[in-house]
Amino acid sequence: MIEDMLRTPAAVQDAERHTAHNYHPLPVVISSAEGAWVTDVDGRRYLDCLAGYSALNFGHRHPTLIAAAHAQLDKLTLTSRAFIHDQFADFCRELAALCGKDLVLPMNTGAEAVETGVKVARKWGYQVKGVPAGQANIVVAEGNFHGRTTTIVSFSTDADARADFGPYTPGFRIVPYGDLAALAEAIDEHTVAVLLEPIQGEQGVVVPPEGYLPGVRRLCTERRVLFIADEIQSGLGRTGATFACEQDGVVPDMYLLGKALGGGIVPVSAVAADADVLGVLRPGQHGSTFGGNPLACAVATEVVRLLATGEFQRRSAELGERLHAGLRALVGKGLVAVRGRGLWAGLDIDPALMSGREACERLMERGVLVKDTHGSTIRLAPPLVITAEDIDHAVAQLAAVLAG
Ligand SMILES: *Cc1c(COP(=O)(O)O)cnc(C)c1O
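None of these values were measured; they are calculated from a predicted model.

*Asks:* Please explain the packing of helix α5 (residues 88-99) against helix α12 (residues 294-308) as it appears in this structure.
*Replies:* Two packed helices can be described by the angle between their axes and the distance between those axes. Orientation of α5 relative to α12, taken along the N-to-C sense of each, is 30°, at an axis distance of 9 Å. When the axes of α5 and α12 are compared, the pair comes out roughly parallel. Both α5 and α12 take part in a crossing whose hand is left-handed. Counting all contacts with α5, which are made through Phe-88, Asp-90, Phe-91, Glu-94, Leu-95 and Leu-98, the residues of α12 involved are Cys-297, Ala-300, Thr-301, Val-304, Arg-305, Leu-307 and Ala-308.

So, in structure tokens, the structure goes:
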């Protein structure tokens, strides 16, 4: 322990001194980055296999996105929504087209997109479905991660995320993820929405059983309930498609987007839905000072254009095969299980070998950055610009760590 502290670089201690301890970062202090690689204050390079929890799908400082940000900084950065700016229309039109929806509502963080989805679903329930005032309920899944606000942690099943933050917001029902019968049971005439991650990222990249998402879609349609897909982490290329839902042949009523939408430069989130849903909001009922600002729109429009080419989705699908093949070969050699899709993997390390945290620290010493999630589970989500060689490098370093 004392030895560890002596080896802790001064820059790490500096970063902790006046900081609330709501995170337990790996002891690396990064000062620059490009593509899939970052460099620390001592000039050591690391392969970034977390990519800002998928906020950096296009890598660090993608040239097209940096150029858009630079150009916009020289023209206009903020107007508030009190006025219209010239970057707004293109962003909303192109994102709506990418989503196959009529309308877009821009916000900043993922949690705000979730909050927006909850508000819109409730208002839709009262105004369109005819739910009696104050009676709306929303069904969510066990093991969910939708953000950190007081309402969102109210329906979390993670004790750390939830404990001592009550009183909790009512109106949510929690069912086991992947269990259609439980979902059917939970939906009643006052249910306005089912809110799900098509793949549960924070939970350890948990892919639901075959047929689950189509079943959710069918139930929602039959019972006149909105299907809200939280694609904040799974969407925008991560799984090898624009949306994870797409790979199950499912179209939700509402997409919640964030993370990669800001190109790793600015926080940008959005809700996309058709006019019969998002159209329930009138002026004064919802908003954000920074949501849809010119800088955010300029960057995010280029993100949408990068995705419109299909190149990143293809890379994720193809390189994902390589990543998963490499990881599967380590099952029984230190790994207990591998899950995921595209360039996204949840790995359960044999808990007898080491914790997830220890694995991350040892990988860091070998120049690969990843993050543990729960216990002995770690998550790999490299930028979609990563090369095949770099994937092989990451897998080789993991193999070395597992071999002791
Ligand atoms: C990260 C995440 C959020 C919350 O996004 P923030 O920008 O951190 O508020 C919500 N849902 C999912 C699935 C996420 O991965």
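*Asks:* I would appreciate a short explanation of the sheet that holds strand β10 (residues 269-273) in the present structure.
*Replies:* The pairing of strands in a sheet happens through backbone hydrogen bonds and is either parallel or antiparallel. Ordered in space as β4-β10-β9-β8-β7-β5-β6, the seven strands form an open sheet in which the pairing is mixed. The sheet terminates laterally at β4 (103-107) and β6 (172-175), the two strands that pair on one side only. Here the average twist between neighbouring strands, direction ignored, is 20°. As defined by bridge partners, strand β7 (residues 191-196) adjoins strand β8 (residues 226-230) across four bridges and the pair is classed as parallel. Looking at the pairing, Val-194 lines up with Phe-227 of β8.

*Asks:* Just to check I follow, could you spell out the side chain of Ser-316 for this structure?
*Replies:* If you trace the backbone, Ser-316 turns up in helix α13 (residues 311-328). Polar side-chain contacts of Ser-316 include one of 2.8 Å to the backbone oxygen of Arg-238. Excluding residues within four positions of it along the chain, Ser-316 makes contact with Gly-237, Arg-238, Thr-239, Gly-240, Gly-342, Leu-343 and Leu-384.

*Asks:* How do you make sense of the side chain of His-190 when you look at a structure like this?
*Replies:* Tracing the chain through its elements places His-190 in the loop between α9 (180-186) and β7. According to the relative accessible area criterion, His-190 is buried, its value standing at 19%. Apart from residues no more than four positions distant in its own chain, His-190 is found in contact with Val-131, Pro-132, Gln-135, Ala-136 and Asn-137.

*Asks:* Is there a simple way to explain the environment of Asp-158 in this structure?
*Replies:* Within the secondary structure, Asp-158 sits in the loop between α7 (150-154) and α8 (159-162). Taking relative accessible area as the criterion, Asp-158 reaches 29% and is therefore assigned partly exposed. Each C-alpha atom of the pair Asp-158 and His-374 lies 10.0 Å from the other, and the pair is 216 residues apart in sequence.

*Asks:* Looking at this structure, I do not really get the environment of Asn-137. What am I missing?
*Replies:* Counting through the fold element by element, Asn-137 comes out in strand β5 (residues 137-141). Classification of Asn-137 by relative accessible area gives buried; the value is 4%. Here Asn-137 is in contact with Gly-171, Arg-173, Asp-188, His-190, Thr-191, Val-192 and Ala-193, once residues within four sequence places are set aside. Polar contacts involving the side chain of Asn-137 include one to the side chain of Asp-188, which spans 3.0 Å.

*Asks:* Can you help me understand the domain arrangement of the protein chain in this one?
*Replies:* Frequently, the measure chosen for interface size is the accessible area removed from exposure when the parts meet. In terms of domains, the protein chain is made up of domain 1 (2-62 + 311-403) and domain 2 (76-308). Once you take the C-alpha centre of each, domain 1 and domain 2 turn out to be 27 Å apart. If you look at the interface, domain 1 gives 29 residues, while domain 2 gives 29 residues. Buried area between domain 1 and domain 2, both sides added, is near 2400 Å², and the carbon and sulfur share of it is 56%. By the criterion of area lost to domain 2, the three top residues of domain 1 are Gln-313, Arg-341 and Trp-344, representing 34% of everything that side buries.

Conventions adopted
- Residues numbered from 1 in each chain as written.
- Predicted model: local features only at pLDDT ≥ 70, side-chain atom pairs only at ≥ 80, totals over all residues.
- Heavy atoms only, no water.
- Axes fitted to C-alpha atoms, helices over the stretch in contact; angles between N-to-C directions.
- Helix = DSSP H or I, 4+ residues; strand = E, 2+ residues; numbered from the N terminus.
- Parallel < 35°, antiparallel > 145°, perpendicular 65-115°, else oblique.
- Left-handed = near helix turned anticlockwise from the far one by under 90°.
- Contact = heavy atoms within 4.5 Å.
- Pairing = 2+ DSSP bridges.
- Polar contact = N/O pair within 3.5 Å; in protein donor to acceptor, adjacent residues only side chain to side chain.
- Buried < 20%, exposed > 50% of the residue type's maximum accessible area, 1.4 Å probe, protein only.
- Domains from an automatic or database assignment.
- Buried area = accessible area lost by both parts, 1.4 Å probe.

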